[in-house]
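Residues per chain, in single letters:
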Amino acid sequence: MCREYLSNGMDVNVLAQKEVTKEETTVEFLLQRSLKRISTEEARSKLHLLWGSTMHHIQDLPYTAANFFPISFTTFKQRVDRKKKKGIVRPEIETPDFIKNPPEPELEPGDVPSLSQDLRVDGLMEPLELEKPFPMPQACYAFKGGEDQALARIDDFIWKKDALYQYAELKNSMGTSDFSTKLSPYLALGCVSARTVWWEAMRYQEKHPRKVQQGTFNLEVNLQWRDFFRLTAVVYKNQLFARDGLGQRDKRGRLTSRTFAKREPTEEQWERIKKWMDGKTGVPFIDAPMRELKYSGYMSNRCRQNCASYLVNDLGCPDWRIGAEYFQSKLIDHDVTSNWMGWQYVSGVSNDPKHGRRYPVLKQALTYDPYGIFVRRWLPELALCPAPEIHAPFLFGEEEQDAYEVKVGATYPAPVTTPWKIPEEIDRPTELPAEEEVEARERKPKLQEEVE
């Protein structure tokens, strides 16, 4: 298309959003070089890269990112919030009423090239021919791409369902459409900007000043975390993907944060990692979100942290990057900096002063899925198990297994490793209430068919 315009003596300007990580900036460089090569004496082509991926524009920060970037998110937020009073979030640019399009080039439309044969892109697969629909019926939200869908979701979440009001209380829930904004895929793919989300929330708060202040605060914090991760990548570049991560160092340059041995996983460790990927670790609160990721391409932020912590801390995976790369291959809302920095934070190799996060799986399960609703959705083999005992089927004796129609090690996997802390609340399973048993028995065959 560019060649067609250039041959007609027309200058070509290509606009794109500025990226910050290695593979993406390499594409920018190659595109710029290609545009320069096809330019002629009569007409020129040029690439223009615009910063638009964050809520706070990089030029509006209270410091120069490359030289004075704060080491922790807390410091970043404090400095940004002090300047926020002066209007640090830029207003949106209004959509023009009319755009004069250039004449259409005389090009014959062709077939969409395949990744492996025509484009020869290594490491990517052809679309899977699935018998089951994707995502699966029990997915928490049916994502559809495009700006119109993104704006419709903002309107639905903020205005129609009034969900921003309860966002602070529900943001750590899981399994339903409105426990979070569900805007991450649209932000990651550029369907909508973080500024658009922010200003719509501000308009809502202006209309309901006492109603949603906590909700908008939590939404702002999440958007700032997203900014922080991307701006960190501007400074640290390829350290985002290093085994030792960003790595905090003392005055002598020695690492003070966690380090990972430079070795490949053993055969036994690979078996554990594969079970983690397939959602067959024997720990329901890990298996359920891992199956959700596999079959729907989505996972809540709370589950992402728990699954990452379990792989690194409980299964002892020797390289946290295995998990980050697997998430990258599956997430429908994958954002390079958010995903890889999130894994660094949990693994203890980031610039986080706490040197990592370890989440007690069963305590998290009892806190965020106390009735086992989310677990039952993705683990139909546990449909008859009561809550909260459903989160620890490995504690069941023969009598309980018969009553709940689950055989640990047969119909549901035995735990790869026993969670490091078992709360007292689930030491002794209780009998399943009669009405709950009837409902679960009716639901189990249908769920089993959908997952298998």
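All figures in this text were calculated on a predicted structure; none of them were measured in a lab.

Rules and cut-offs
- Residues numbered from 1 in each chain as written.
- Predicted model: local features only at pLDDT ≥ 70, side-chain atom pairs only at ≥ 80, totals over all residues.
- Heavy atoms only, no water.
- Helix = DSSP H or I, 4+ residues; strand = E, 2+ residues; numbered from the N terminus.
- Buried < 20%, exposed > 50% of the residue type's maximum accessible area, 1.4 Å probe, protein only.
- Contact = heavy atoms within 4.5 Å.
- Polar contact = N/O pair within 3.5 Å; in protein donor to acceptor, adjacent residues only side chain to side chain.
- Salt bridge = Lys/Arg side-chain N within 4 Å of Asp/Glu carboxyl O.
- Core = buried A, V, L, I, M, F, W, Y, C linked by side-chain atoms within 4.5 Å.
- Phe/Tyr/Trp six-rings, centres within 6.5 Å; stacked < 30°, edge-to-face > 60°.
- Axes fitted to C-alpha atoms, helices over the stretch in contact; angles between N-to-C directions.
- Parallel < 35°, antiparallel > 145°, perpendicular 65-115°, else oblique.
- Left-handed = near helix turned anticlockwise from the far one by under 90°.
- Nonpolar A, V, L, I, M, F, W, Y, C, P; charged D, E, K, R; others polar.
- Pairing = 2+ DSSP bridges.
- Right-handed = clockwise from strand over helix to strand, strands pointing away.

1. So, the overall build of the chain
Alright, step 1. Each helix and strand in the chain was counted, giving 18 helices and two strands.
Alright, step 2. A buried classification covers 45% of the 452 residues belonging to the chain.
Alright, step 3. Considering only residue pairs separated by 6 or more positions, the chain has 71% of its internal contacts joining residues 24 or more positions apart.

2. Comments concerning the side chain of Ser45
Alright, step 1. Topologically, Ser45 is positioned in strand β2 (residues 45-50).
Alright, step 2. Looking at Ser45, the relative accessible area reads 7%, which means it is buried.
Alright, step 3. At a separation of 2.4 Å, a polar atom in the side chain of Ser45 contacts the main-chain carbonyl oxygen of Leu35.
Alright, step 4. Not counting the four nearest positions on each side in its chain, Ser45 is found in contact with Leu6, Val12, Leu35, Lys36, Ile38 and Ser39.

3. Here we look at the pattern of salt bridges
Alright, step 1. One pass over the full model with this rule turns up 20 salt bridges.
Alright, step 2. Where Arg291 meets Glu381, a salt bridge forms, and the shortest distance between an N and an O atom there is 3.0 Å. Here Arg291 is found in helix α11 (residues 284-296), whereas its partner Glu381 is found in the loop between α16 (373-378) and α17 (398-404), with 90 residues between them in sequence. Each of the two residues, Arg291 as well as Glu381, counts as buried.
Alright, step 3. Among the salt bridges present, the one from Arg304 reaches Asp333, with a minimum N-O distance of 2.7 Å. Here Arg304 is found in helix α12 (residues 301-314), whereas its partner Asp333 is found in the loop between α13 (321-330) and α14 (336-347), with 29 residues between them in sequence.
Alright, step 4. Arg304 sits in the buried class, given a relative accessible area of 19%.
Alright, step 5. When salt bridges with common partners are traced through the structure, they connect Glu19, Arg230 and Asp335 into a single cluster.

4. Some remarks on the nonpolar core
Alright, step 1. In this structure, Phe76, Trp276, Met290, Phe327 and Trp343 are the most contacted members of the largest nonpolar core, which totals 89 residues.
Alright, step 2. Looking at this core, the element that brings in the most residues is helix α9 (residues 213-236), giving seven residues.
Alright, step 3. Sequence-distant contacts of Phe76, that is, excluding residues within four places in its chain, are made with Leu61, Tyr63, Phe69, Pro70, Gln224, Asp227, Phe228 and Leu231.

5. Describing the packing of aromatic side chains
Alright, step 1. Using the criterion set out here, one finds 21 aromatic pairs in the structure.
Alright, step 2. Their ring planes at 65° and their centres at 4.9 Å tell us that Tyr141 and Phe143 sit as a pair that is edge-to-face. Accessibility classification places Tyr141 together with Phe143 in one group, the buried group.
Alright, step 3. Taking the centre distance of 6.0 Å and the plane angle of 5° together, the rings of Trp276 and Phe327 count as stacked.

6. Brief notes about the packing of α13 against α14
Alright, step 1. As a packed pair, α13 and α14 sit with axes 10 Å apart at the nearest point and diverge in direction by 150°. Classified by the angle their axes make, α13 and α14 are roughly antiparallel. Between α13 and α14 the crossing geometry is right-handed. Contacts between α13 and α14 involve Arg321, Gly323, Ala324, Glu325, Phe327 and Gln328 on the former and, on the latter, Asn339, Trp340 and Trp343.
Alright, step 2. Grouping the constituent residues of the contact of α13 with α14 by class yields four nonpolar, three polar and two charged.

7. Let's talk about the pairing of strand β1 (residues 12-17)
Alright, step 1. Alignment of β1 against β2, held across six bridges, turns out to be parallel. Counted as the bridge partner of Leu15 is His48 from β2.
Alright, step 2. Considered for its hand, the β-α-β crossover made up of β1, helix α2 (residues 22-38) and β2 is right-handed.

8. Here's the deal with the packing of α9 against α14
Helix-helix packing is characterised by the crossing angle of the two axes and by the distance between the axes.
Alright, step 1. The interhelical angle for the contact between α9 and α14, taken along N-to-C directions, is 90°, at an axis separation of 9 Å. Judged by the inter-axis angle, α9 sits roughly perpendicular to α14. For the pair α9 and α14, the contacting residues are Trp225, Arg226, Phe228, Phe229, Arg230, Thr232 and Ala233 in the first and Thr337, Ser338, Met341, Gly342 and Tyr345 in the second.

9. Thoughts on unusual backbone geometry
Alright, step 1. With omega at 5°, the peptide bond leading from Ala387 into Pro388 counts as cis.
Alright, step 2. Residue placement: Pro388 occurs in the loop between α16 and α17.
Alright, step 3. A positive phi angle, close to 60°, is found at Lys182, a residue other than glycine.
Alright, step 4. Positionally, Lys182 belongs in the loop between α6 (167-170) and α7 (184-188).
Alright, step 5. The buried category is assigned to Lys182, whose relative accessible area is 1%.
Alright, step 6. At Lys237, a position not held by glycine, the phi torsion is positive, near 50°.
Alright, step 7. Inspection of the secondary structure assignment puts Lys237 in the loop between α9 and α10 (267-278).

Functional significance is not addressed by these values, which are geometric in nature.
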